[in-house]
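Structural features, examined
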Protein chains: 2
Amino acid sequence: MARSNKPVVAVDIGGTKITSAVITGEGKMISRIYSLTLAHEGPKKVIDHMVDAVRLSLRKAGLDLSSIGGVGVAAAAIIDIGRGLVSDAPNLPRWHNIPLRDSLADSLGKPVFLLNDASAAALGEHRMGAGRGLDNLIYITVSTGIGGGLVINGQLYNGTDGCAAEIGHMIVLVDGPLCNCGQRGCFEALASGTAIARVAVERLEAGGQSCLTELTHGKIGDVTAELVSEAARRDDSLALDVIDEAARYLGIGLANLVNIINPQMIIMGGGVSRMGGMLFRPARKSMKEHAFKLPARTVRLVRPRLGMDAGLMGAAIYTQESLGAKG
Amino acid sequence: MARSNKPVVAVDIGGTKITSAVITGEGKMISRIYSLTLAHEGPKKVIDHMVDAVRLSLRKAGLDLSSIGGVGVAAAAIIDIGRGLVSDAPNLPRWHNIPLRDSLADSLGKPVFLLNDASAAALGEHRMGAGRGLDNLIYITVSTGIGGGLVINGQLYNGTDGCAAEIGHMIVLVDGPLCNCGQRGCFEALASGTAIARVAVERLEAGGQSCLTELTHGKIGDVTAELVSEAARRDDSLALDVIDEAARYLGIGLANLVNIINPQMIIMGGGVSRMGGMLFRPARKSMKEHAFKLPARTVRLVRPRLGMDAGLMGAAIYTQESLGAKG
């Protein structure tokens, strides 16, 4: 696919922080900066913070707006890609049908390209990471929530509106635990970092013995997925059980995707995936057990090559390819 | 896409019957015949029956093998499309890695193209039925089991091996009722005709009052989805409840697909779908409730235009397009 060789600025906007960087025409990332989203200030202010982040990255790189082709934005949100809207964003209060693309374009005087963050990561990993040259892959990010991105026939698949691959809200346990989205039994409510922390707390409250009590100084409400992981590394059996259960659900959700998409590869990133083997091994086993033999034999479950930069890189590539296609 | 204008023979092979027809270059179906699969006789004999069906259709049309471009086969099975194998087929005993494509090609001396029956129906409905001109659609067949087919960016999506869109075995209720595939809680185990019959029997055995007792002359083990539908049309409250429950699960499975694929349309065919409004209305409601607003607003849930011929037509189109692409 034709790709513009102008530098672009890529911005990753999440519930907590904004990451911004200049990506050169050769795909080199320079001048990365972090700032706070300050989501409680509302959409208008957050958009101002994003504009500031773009300008700061450029200044740090010794460039200005005239030297870039455009800006790519990866957002942890449901995106209406045709209209450039953030349709909904569970972690950004009051973001409903916010015209993020056009607001940024107006402020910056540059073309802006907006897409979902996990879709951006899928594209990044496909063009420059673990999935180079493959036809069909799924990117899954497991952190507080679960997001996804799809590459189909070598191209990012965004769906009709631009909100495809919302795999975190696939219901795998009807009437199961409540999810942040308001539904019950979503994949995310069973296999995310939030789910791991919730189940650990439930077991502690039910009298389970664990070094988590110590690690939280007795405040078991403070348990996080990261602490559960820490406890598991100390061979804590409660923590190991909780991770095994989440990994089983993770494998079931992945098996559903394997049966539906029949991909060559699933790339699993996000904070929770950094648990490594103790999550990947049981998740892979569960995935293989719950999918049909033929697609289960084909698919490889791997870690990202671009790490936490996959979304930024993908947003840049999306921008460069979109600019290339236009002219 | 280039399409050969030679006539082809299309064959639909299911667990019970073989349907075969000649499809002209203009897409007209002639000389359709039905024969029995006689699956218990094993793969070799069934393939012989398919060869006979192809020859009989041709004779009835006043044609012979020299006048056709090839043969398209739609099979109710997991297909390894690259190797032309029936990888697995729950309704065809002993069909494991059977080289159906090459066996037929050898017997007939003609190119043979093999694909899953629901994928064939998706293609048929996209090219000549309810989904003409759309970019992204899902075909779902609800009968004894649940099958699916995907059209993505205007093209049939078969996945890496050719076995994509196995939506019937998406797990929606972990540790739920046993499915024919050996897993628990599959979409198919909750929303298919088999599920409807099973739940009705369970409720009758638990003492539920229903005209189904009469309709089966007291042999409640003989309850079928068709009889439950018949009872529901007589306003039987047990039957209506059972259908509502299946429709709720149907909507949940569809919502998962809506969130993952974000299609413009879902076309629901198969025997159970002939229940019409009493299934479609609650299924549509449940789908909209369980999916995100943006993709739920976009998608339309409709009936097939080609009816039971979608698979045959799709197998013919697949063959004509494959021959056209080869030149």
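Residues numbered from 1 in each chain as written. Chains lettered and ligands numbered in written order. Predicted model: local features only at pLDDT ≥ 70, side-chain atom pairs only at ≥ 80, totals over all residues.

1. Description of the overall build of chain A
So the rule is basically this: Strands here mean DSSP runs of E at least two residues long; helices mean DSSP runs of H or I at least four residues long; both are numbered from the N terminus. Radius of gyration here uses only the C-alpha atoms, and the compact-globule reference equals 2.2 Å multiplied by the residue count raised to the power 0.38. Three classes are used. A residue is buried when 20 or more other C-beta atoms lie within 10 Å of its own, exposed when 12 or fewer do, and partly exposed in between, with C-beta atoms placed from the backbone. We call two residues in contact when the distance between their C-beta atoms, placed using the backbone, is within 7 Å.
On a plain count of helices and strands, chain A comes out with 11 helices and 12 strands. Its C-alpha radius of gyration of 20 Å places chain A within 12% of the 20 Å reference for a compact globule of 327 residues. Within the span of chain A, comprising 327 residues, buried residues form 57% of the whole. Taking contacts inside chain A between residues at least 6 apart in sequence as the whole, the part at least 24 apart equals 64%.

2. Here we look at the domain arrangement of chain A
Residues and elements named next belong to chain A. Quick note on the threshold: What marks off one domain from the next here is an automatic or database domain assignment. Note on residue classes: Ala, Val, Leu, Ile, Met, Phe, Trp, Tyr, Cys and Pro are nonpolar, Asp, Glu, Lys and Arg are charged, and everything else, Gly too, is polar.
On domain assignment, one finds that chain A holds domain 1 (8-124 + 308-326) and domain 2 (132-304). Inter-centroid distance (C-alpha atoms) of domain 1 to domain 2 is 26 Å. Of all the secondary-structure elements, those providing two or more residues to the side of domain 1 that touches domain 2 are β5 (78-80), β7 (112-116) and α3 (117-128). With 6 residues, α3 is the single largest residue contributor to the side of domain 1 that touches domain 2. Here the side of domain 1 that touches domain 2 is built from residues that sort into 10 nonpolar, 4 polar and 2 charged.

3. A closer look at the nonpolar core
Just so we agree on the cut-off: Buried Ala, Val, Leu, Ile, Met, Phe, Trp, Tyr and Cys residues whose C-beta atoms connect them within 7 Å together make up a nonpolar core.
Core analysis: the largest hydrophobic core is formed by 234 residues, its most contacted members being Val228(A) and Val228(B). Look past the residues within four positions of Val228(A) in its chain and what remains in contact with it is Ile196(A), Ala197(A), Ala200(A), Leu212(A), Val223(A), Ala239(A), Val242(A) and Ile243(A).

4. Some points on the environment of Ala121(B)
All names here are of chain B. Here Ala121 shows up in helix α3 (residues 117-128). Considering only alpha carbons, one finds Ala121 and Leu92, 29 residues apart in sequence, at a separation of 20 Å. If sequence neighbours within four positions are ignored, Ala121 has contacts with Tyr139, Thr141, Gly149, Gly269, Ala310, Gly311 and Gly314.

5. A short note on the relation of the copies chain B and chain A
Which entries qualify depends on this criterion: What sets the superposition is a least-squares fit of C-alpha atoms, and only residues with pLDDT of at least 70 in both copies go into it.
Aligned on chain A, chain B shows an RMSD of 0.0 Å; the corresponding rotation is 180 degrees and the shift along the axis is 0.0 Å. The superposition of one copy onto the other is thereby described by a two-fold rotation axis.

6. Some remarks on the sheet that holds strand β3 (residues 29-36) of chain A
All names here are of chain A. To be explicit about the condition: DSSP-based pairing: two strands are paired if at least 2 bridges between them are found. Every axis corresponds to a line fitted to the C-alpha atoms, with the helix fit spanning only the stretch in contact, and the corresponding angles, defined between N-to-C directions, vary from 0 to 180 degrees.
Read from one edge to the other, the open sheet built from 5 strands follows the order β3-β2-β1-β4-β7, with strand pairing classed as mixed. Each edge of the open sheet is held by one strand with a lone partner, namely β3 and β7. Sheet twist, expressed as the mean angle between neighbouring strand axes with direction ignored, is 15 degrees. Pairing of strand β1 (residues 8-13) with strand β2 (residues 17-23), which is carried by 6 bridges, proceeds in the antiparallel orientation. Residue pairing for β2: Val9 is matched across the bridge by Val22. Packing against the sheet, α3 makes contact with β1, β4 (71-75) and β7, and its axis sits at approximately 100 degrees to β7.

7. Quick notes on the pairing of β1(A)
Where burial is concerned, most of β1(A) is hidden: 6 out of the 6 residues are buried. Neither face of β1(A) is left uncovered, since the one carrying Val8(A), Ala10(A) and Asp12(A) and the one carrying Val9(A), Val11(A) and Ile13(A) both have all their residues buried.

8. Re the interface of chain B and chain A
A common measure of how large an interface is: the accessible area buried when the components associate. If you look at the interface, chain B gives 37 residues, while chain A gives 37 residues. Every element with two or more residues in the side of chain B that touches chain A is listed here: β5 (78-80), β6 (85-88), α8 (237-261) and α10 (293-298) of chain B. Sort the elements by how many residues they give to the side of chain B that touches chain A and α8(B) lands first, with 6 residues. Taken together, the residues of the side of chain B that touches chain A break down into 20 nonpolar, 12 polar and 5 charged.

9. Some words on the confidence of the model for chain A
Inclusion rule: pLDDT measures how confident the predictor is about each residue, on a scale from 0 to 100.
Residues with a pLDDT of 70 or more make up 99% of chain A, whose mean pLDDT is 96. Reported confidences for the modelled complex are a pTM of 0.95 and an ipTM of 0.95.

10. Re helix α1 (residues 43-60) of chain A
Residue and element names in this part refer to chain A. As a reminder, the rule being used: By this rule the span expected of a helix is its residue count minus one, scaled by 1.5 Å. In this description, the arc belongs to the directions extending from the helix axis to the C-beta atoms.
Given a rise of 1.5 Å per residue, 18 residues ought to cover 26 Å, and the 26 Å separating the end C-alpha atoms of α1 matches this to within 8%. The set of residues buried in α1 consists of Val46, Met50, Ala53, Val54, Ser57 and Leu58. Buried residues along α1 cover an arc of 130 degrees about the axis, so they all sit on one side. Summarising the geometry of α1, the exposed residues directed more than 90 degrees from the buried face are Lys44 and Arg59. For α1, the elements touching its buried residues are β1, β2, β3, β4 and α2 (100-108). Count one or two residues on from α1 and you reach Gly62, which has phi positive near 70 degrees.

11. Remarks on the pairing of strand β9 (residues 146-152) of chain B
Residues and elements named next belong to chain B. Summarising burial for β9: 7 of the 7 residues are buried, a large majority. The alternating pattern of β9 places Ile146, Gly148, Leu150 and Ile152 and Gly147, Gly149 and Val151 on opposite faces, both of which are buried. Counted between consecutive antiparallel strands, the loop separating strand β8 (residues 137-142) from β9 contains 3 residues. The antiparallel pairing of β9 with strand β10 (residues 155-157) creates a hairpin that spans 2 residues between the two strands, and Asn153 there sits at a positive phi of about 50 degrees.

12. Quick look at the environment of Leu134(B)
All names here are of chain B. Examined against the element boundaries, Leu134 turns out to sit in the loop between α3 and β8. For the pair formed by Leu134 and Asn153, sequence separation is 19 residues and the distance between their alpha carbons is 8.1 Å. What Leu134 contacts, discounting residues up to four positions off in sequence, is His126, Gln264 and Met265.

13. Brief notes about the packing of helix α5 (residues 193-205) of chain B against α8(B)
Each packed pair of helices is defined by two parameters, the angle between the axes and the distance between the axes. All names here are of chain B. Inclusion rule: Small angles under 35 degrees read as roughly parallel and large ones over 145 as roughly antiparallel, with 65 to 115 read as roughly perpendicular and the rest as oblique. For a crossing to be left-handed, the near helix must be turned anticlockwise from the far one by less than a right angle; the clockwise case is right-handed.
Contact geometry of α5 with α8 gives a least axis separation of 10 Å together with a crossing angle of 135 degrees. In terms of orientation, α5 lies oblique with respect to α8. Between α5 and α8 lies a crossing whose hand is right-handed. Across from Ala195, Ile196, Val199, Ala200 and Arg203 in α5, the residues of α8 making contact are Leu238, Ala239, Val242, Ile243, Glu245 and Ala246. Each residue belonging to the contact of α5 with α8 can be placed in one class, and the counts come to 9 nonpolar, no polar and 2 charged.

14. Focus on the sheet that holds β8(B)
Residue and element names in this part refer to chain B. Pairing is mixed in the open sheet, where 5 strands are placed in the order β10-β9-β8-β11-β12. What marks the edges here is a single partner per strand, and that holds for β10 and β12 (300-302). On average, adjacent strands in this sheet sit at an angle of 25 degrees to one another, irrespective of strand direction. Judged from the 5 bridges that link them, β8 and strand β11 (residues 265-269) form a sheet pairing that is parallel. By the bridge assignment for β11, Thr141 is matched with Gly269.

15. Topic: the packing of α1(A) against α2(A)
All names here are of chain A. Between α1 and α2, the least distance of the axes is 10 Å, while the angle of their chain directions is 50 degrees. In this view, α1 runs oblique relative to α2, as classed from their interaxial angle. Two packed elements cross with a definite hand, and for α1 against α2 that hand is right-handed. In this structure, α1 contributes Ile47, Met50, Val51 and Val54 to the contact, and α2 contributes Leu100, Ser103, Leu104, Ser107 and Leu108. Grouping the amino acids of the contact of α1 with α2 by side-chain chemistry returns 7 nonpolar, 2 polar and no charged.

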